[in-house]
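Remarks on the overall topology
The chain contents come next:
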Amino acid sequence: MESETIISDQFYTAKSAVRTDSLTNKIFNSQSNSYSTFVHRPASTLGLSIVIGTFVLMIAGAFSVYHLQEDFEAFQLERINSSWGFPFLIIATLLFFYQTAVFLYNSYLFLGYKAIPSVSDDLLPTCTVIVPAYNEGKLVYNTLLSLAESDYPAHKIQLLAIDDGSKDDTWYWMQEAKKKLGDRVTIFQQPKNQGKRHALYRGFNLGTGDIFVTVDSDSIVKKDTLRNLVSPFVVNEKCGAVAGNVQVLNNEKAILPKMLNVSFVMSFEFMRSAESRVGSVLCTPGALAAYRKDAVFNCLPEWINQTFMGQPSDIGEDRAMTNMILKQGLHVLFQRNAVVLTNVPEDYKGLYKMFIRWSRSNVRENLAMAKFVFKNFRKESKLGARLLFLNQFFKIAMTYPFLLFMFFFIAVHPALFLSSTFLGILILSTFSMVFYAKRYNLSESFWAYSYSVFYTFSLFWIAPYAIATASKRGWLTRGL
């Protein structure tokens, strides 16, 4: 049975002693402090040891490459003279130059990126914010309070929270938020767990705003996030969706979130800035995204009934919606000034499950994108969107060939493999390190190297496994 609670309590008569503004400020002050030197944190000894160990490995790799030059030359000659080695070398060289060209192109696009400033209150559109939640506990309470504190005209915002049949106390914390916020939020409870896509579907059908905003229930927004997020719809009539700038909320609690915080900055503030310049951001993240209402309803039946290999799609709802909006010929943009902080897994098991889900979605939606990206899907230039797609396609297509070559390399010349890998990480991760240091903080930027080492040796199997199991269903990380 559906439940809806509507209470007309005044906003400031709640029993809770914590004010929404102090909550939001406390969280964001904590995030600002997270950019201070890592040696002052509780986990500083372990963190410092990891960073130092990473540099020792990379320097040892560079030193080994220098002393093993003759072995490298012999290996290259052996590979060139083999029946399979020379064709592989040609393909690898072509892909290297292609990836280099794509990187330079993305860098050029990034340098020209500028976030759209917030429009005035009178120009801001009406907005429905949808917060689906499953087994999030008190996190959903903090999410709703941060949204209620947004600097957005109260009469133009509708806040909906939907409990997707949680098995914990999520519904209790939604009710607590309702008590505090009164009629500023409306809460709903699904009769049973149906998945995030169905919770969002309900919100879309209940929403009255011209713009739909989706926010994950373990995320916190800044006061100006919502107005910055929706402003592109006002100044660009071709804008169908906008991706927010996702940063890590729990990056003081464990080592993995520290690493992911640097990785997210590269993924969002560099890559999505470049994608935004050609109006083709490939994925609007579940943590924070906005959609034009008309664009959503144009594809809503297809989206809610989406299948893959005959099975209902229960993952990748954000990437699927992005694809379907791009297919309509609309632009999908990124707003760097629309910041959201979200929780990420703090242990290895949670992390690889999240990456498997993302990778499976990437495989599925690249196949879906292939059906329209080379057609006349928009009047404006389609080159940028096609280059972005091809880059994704080649990464997927070359996954198994490079995996086989890696195993061959390890079996035949393990010392050459290790030394060249650590040197490669030192070279390639320096861009991420410098980018983060320039945007935020030098000391934290060194996690770029540690993350690359960690991913290379402990998560390399994610992509091939996701390709092989792309048809498997399941969210994987929605347990208690």
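**A few points about the overall build of the protein**
Along the backbone of the protein there are 18 helices and 11 strands. Since a compact globule built from 480 residues should have a radius of gyration of about 23 Å, the 23 Å found for the protein is in line with a globular shape. On the principal axes, the C-alpha backbone points of the protein span a range of 80 × 55 × 40 Å. The 480 residues of the protein split such that 54% are buried. The contacts in the protein between residues at least 6 apart in sequence include a share of 84% that link residues at least 24 apart.

**Side note on the environment of Val 213**
Within the secondary structure layout, Val 213 lies in strand 5 (residues 211-215). For the pair formed by Val 213 and Ser 280, sequence separation is 67 residues and the distance between their alpha carbons is 19 Å. Excluding its chain neighbours within four sequence positions, the residues that come into contact with Val 213 are Cys 127, Thr 128, Val 129, Ile 130, Leu 226, Leu 229, Val 230, Leu 288, Ala 289 and Ala 290.

**Side note on the confidence of the model for the protein**
On average, residues of the protein score 89 in pLDDT, and 90% of them are at 70 or above. Low pLDDT, under 50, characterises residues 1-21; the predicted model gives this stretch 40 contacts beyond four residues in sequence or across chains. The model gives residues 30-43 a pLDDT under 50, and that stretch makes 37 contacts with residues more than four places away or in other chains.

**Focus: the side chain of His 331**
Take His 331: it is sitting in strand 11 (residues 331-342). Excluding its chain neighbours within four sequence positions, the residues that come into contact with His 331 are Asn 236, Lys 238, Cys 239, Gly 240, Ala 241, Gly 279, Arg 378 and Glu 380.

**A short note on the environment of Leu 124**
Here Leu 124 shows up in the loop between helix 4 (85-111) and strand 2 (127-133). With a relative accessible area of 3%, Leu 124 lands in the buried category. Taking the C-alpha atoms as reference, Leu 124 lies 36 Å from Val 363; in sequence the two are 239 residues apart. Here Leu 124 is in contact with Val 119, Tyr 152, Pro 153, Lys 156, Arg 227, Val 230 and Ser 231, once residues within four sequence places are set aside.

**Some thoughts on a nonpolar patch on the surface**
A cluster of nonpolar residues, Ile 80, Phe 86, Ile 90 and Leu 94, forms a patch on the protein surface that exposes about 350 Å² of accessible area. At 3 residues, the largest contribution of residues to the nonpolar patch is made by helix 4.

**Some points on the packing of helix 4 against helix 14 (residues 399-412)**
Pairs of packed helices are described in terms of their axes, by the angle between the two and the distance that separates them. At their nearest, the axes of helix 4 and helix 14 sit 12 Å apart, and the two run at 120° to each other. With respect to each other, helix 4 and helix 14 are oriented oblique. The hand of the helix 4/helix 14 crossing is left-handed. Within the contact between the two elements, helix 4 uses Phe 88, Ala 92 and Leu 95 and helix 14 uses Pro 401, Phe 402 and Phe 405. Of the residues belonging to the contact of helix 4 with helix 14, the class tally is 6 nonpolar, no polar and no charged.

**Thoughts on the pattern of salt bridges**
For the coordinates displayed, the defined rule picks out 9 salt bridges. In this structure, Lys 223 and Glu 149 form a salt bridge, with 2.7 Å as the shortest nitrogen-oxygen distance. Of this pair, Lys 223 sits in the loop between strand 6 (219-221) and helix 8 (225-235) while Glu 149 is found in the loop between helix 5 (139-148) and strand 3 (157-163), placing the two residues 74 residues apart along the sequence. Taking relative accessible area as the criterion, Glu 149 reaches 13% and is therefore assigned buried.

**A few points about the packing of helix 9 (residues 255-277) against helix 15 (residues 414-439)**
At their nearest, the axes of helix 9 and helix 15 sit 10 Å apart, and the two run at 85° to each other. Our classification of the angle between helix 9 and helix 15 gives roughly perpendicular. Every residue of helix 15 that contacts helix 9 at Asn 261, Val 262, Val 265, Met 266, Glu 269 and Phe 270 is listed here: Phe 431, Ser 432, Phe 435, Tyr 436 and Arg 439. Each residue belonging to the contact of helix 9 with helix 15 can be placed in one class, and the counts come to 7 nonpolar, 2 polar and 2 charged.

**Focus on the pairing of strand 11**
Moving residue by residue along a regular strand, the side chains alternate between the two faces of the sheet. Most of strand 11 is tucked away: 11 of the 12 residues are buried. In this sheet, strand 11 lies alongside strand 6 in antiparallel orientation, the contact comprising 3 bridges. Opposite Ser 219, over in strand 11, you have Thr 342 as the bridge partner. When strand 7 (residues 239-248) meets strand 11, the two strands line up parallel, connected through 8 bridges. The residue of strand 11 that forms the bridge with Ala 243 is Phe 334.

**Structural notes on the packing of aromatic side chains**
Tallied over the entire structure, the rule returns 35 aromatic pairs. A ring pair is formed by Phe 110 and Phe 435, whose centres lie 5.3 Å apart and whose planes are at 65°; its orientation type is edge-to-face. Of this pair, Phe 110 sits in helix 4 while Phe 435 is found in helix 15, placing the two residues 325 residues apart along the sequence. The exposure classification of Phe 110 matches that of Phe 435, with both residues buried. Ring geometry for Trp 461 against Tyr 465: centres 5.9 Å apart, planes inclined by 70°, an arrangement best described as edge-to-face. For Trp 461, a relative accessible area of 25% translates into the label partly exposed. Each residue in the set Phe 264, Phe 268, Phe 355, Trp 358, Tyr 451 and Tyr 455 is aromatic and connected to the rest through ring pairs, giving one cluster. Of note, Arg 197 hangs over the ring of Trp 303, and the distance from its end group to the ring centre comes to 5.2 Å.

**With respect to the side chain of Arg 272**
Within the secondary structure layout, Arg 272 lies in helix 9. Buried and without a salt bridge, Arg 272 has Glu 275 as its closest oppositely charged side chain, separated by 5.0 Å. Discounting chain neighbours no more than four positions away, the residues touching Arg 272 are Ser 267, Val 281, Cys 283, Pro 285 and Phe 334.

Conventions and cut-offs
- Residues numbered from 1 in each chain as written.
- Predicted model: local features only at pLDDT ≥ 70, side-chain atom pairs only at ≥ 80, totals over all residues.
- Heavy atoms only, no water.
- Helix = DSSP H or I, 4+ residues; strand = E, 2+ residues; numbered from the N terminus.
- Rg over C-alpha atoms; globule rule 2.2 N^0.38 Å.
- Buried < 20%, exposed > 50% of the residue type's maximum accessible area, 1.4 Å probe, protein only.
- Contact = heavy atoms within 4.5 Å.
- pLDDT = per-residue confidence, 0-100.
- Patch = residues over 30% accessible without salt bridge, like charges linked within 9 Å, V, L, I, M, F, W, Y side chains within 5 Å.
- Areas by Shrake-Rupley, 256 points an atom, 1.4 Å probe, with all protein chains shown as cover.
- Salt bridge = Lys/Arg side-chain N within 4 Å of Asp/Glu carboxyl O.
- Axes fitted to C-alpha atoms, helices over the stretch in contact; angles between N-to-C directions.
- Parallel < 35°, antiparallel > 145°, perpendicular 65-115°, else oblique.
- Left-handed = near helix turned anticlockwise from the far one by under 90°.
- Nonpolar A, V, L, I, M, F, W, Y, C, P; charged D, E, K, R; others polar.
- Pairing = 2+ DSSP bridges.
- Phe/Tyr/Trp six-rings, centres within 6.5 Å; stacked < 30°, edge-to-face > 60°.
- Lys NZ or Arg CZ within 6 Å of the ring centre and 35° of its normal.
- Lys, Arg positive; Asp, Glu negative; His and termini not counted.

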